[in-house]
Amino acid sequence: ETPHEDYDFTYDQIVSIGELLSSKILAHYLKSLKLNTSWMDVRDVIITDNTYRDARIQWDITQKNAVAKILPTLKTVNHIVTQGFIGSTSENFTTTLGREGSDYTAAIISYCIDAESMHIWKDVPGVLTGDPRIFDEVIKLPRLSYKEAIEMTYYGAKVIHPKTIKPIQNKQIPLYVRPFLDPSSEGTIIS
């Protein structure tokens, strides 16, 4: 049987629930630890077109929203918990941003608020010369240019998606790919 004609729309409305629920749980947990935290619905910030399951960012309105909502909130709290992977149409329907949408969300927000840096936490020590599940002797690369990182993703490296790199490259925001198992490690710097 073929999917219903509104399958992509319905998919986005359903899969976004996990992001919304888990971010609310995390925000409440951080508050219970007495961390000055605010929960924010990213759909109030990131506005997209109506291409469900692979929405395109409406950059002008998204940047205005980020400046109007995120920057004032950061003056009153130390942490904002929000969602990755989702946005909203101008009609307030939830959209998803496609593959690697959570890292892409971080890049969108970093771009819009002129962040000093962006940090992505992974289960690897940083960007490696190969997949450690396949190759025995891989080396962590301490530093990459934006161009080198995009080329690596083009040839199969899955740690960062090229669409994540482009917004931060446009504003020269350094990206740190860091291991969550060793938070003190600098990981790999892409700049």
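Since the structure is predicted, the reported quantities are computational estimates derived from the model, not experimental observations. (Residues numbered from 1 in each chain as written. Predicted model: local features only at pLDDT ≥ 70, side-chain atom pairs only at ≥ 80, totals over all residues. Heavy atoms only, no water.)

## Digging into the environment of Thr188
- Secondary-structure assignment places Thr188 in strand S8 (residues 188–190).
- Note: C-alpha distance between Thr188 and Lys31 (157 residues apart in sequence) is 31 Å.
- Discounting residues that sit within four places of it in the chain, Thr188 has contacts with Gly126, Val127, Lys140, Leu141, Pro142, Arg143, Leu144, Leu175, Tyr176 and Val177. (Helix = DSSP H or I, 4+ residues; strand = E, 2+ residues; numbered from the N terminus. Contact = heavy atoms within 4.5 Å.)

## Describing empty space enclosed by the protein
- One pass over the full model with this rule turns up 1 cavity of 30 Å³ or more.
- Volume-wise, the largest cavity comes out at about 40 Å³.
- Of all the elements, helix H4 (residues 146–154) adds the most residues to the lining of the largest cavity, at 3 residues.
- Counted by class, the lining of the largest cavity contains 8 nonpolar, 1 polar and no charged residues. (1 Å grid on protein atoms, 1.4 Å probe; cavity = no way out; pocket = protein on both sides within 12 Å on 5 of 7 lines; lining within 4 Å. Points joined across faces, edges and corners; volume = space filled by probe spheres on them. Nonpolar A, V, L, I, M, F, W, Y, C, P; charged D, E, K, R; others polar.)

## What to know about the side chain of Ser38
- For Ser38, the position within the fold is in strand S1 (residues 37–39).
- Relative accessible area serves as the criterion here: at 19%, Ser38 is assigned to the buried category.
- When residues no more than four places from it in sequence are discounted, the contact partners of Ser38 are Thr73, Val77, His79, Ile80 and Val81. (Buried < 20%, exposed > 50% of the residue type's maximum accessible area, 1.4 Å probe, protein only.)

## Looking at a nonpolar patch on the surface
- A cluster of nonpolar side chains, Leu26, Tyr29, Leu33 and Leu35, forms an exposed patch at the surface whose accessible area comes to about 370 Å².
- Classification of Tyr29 as partly exposed rests on a relative accessible area of 48%. (Patch = residues over 30% accessible without salt bridge, like charges linked within 9 Å, V, L, I, M, F, W, Y side chains within 5 Å. Areas by Shrake-Rupley, 256 points an atom, 1.4 Å probe, with all protein chains shown as cover. Salt bridge = Lys/Arg side-chain N within 4 Å of Asp/Glu carboxyl O.)

## So, the nonpolar core
- Judged by nonpolar contacts, the single largest core of 19 residues is most densely connected at Ile70 and Ile108.
- Contributions of two or more residues to this core are made by helix H2 (59–74) and helix H3 (101–112).
- Top element by residues in this core is H3. It accounts for 5 residues.
- Aside from chain neighbours lying at most four places away, what touches Ile108 is Ile46, Ile57, Trp59, Thr62 and Leu97.
- Ala107, Leu128, Leu144 and Ile165 belong to the second-largest nonpolar core, a separate cluster that totals 17 residues. (Core = buried A, V, L, I, M, F, W, Y, C linked by side-chain atoms within 4.5 Å.)

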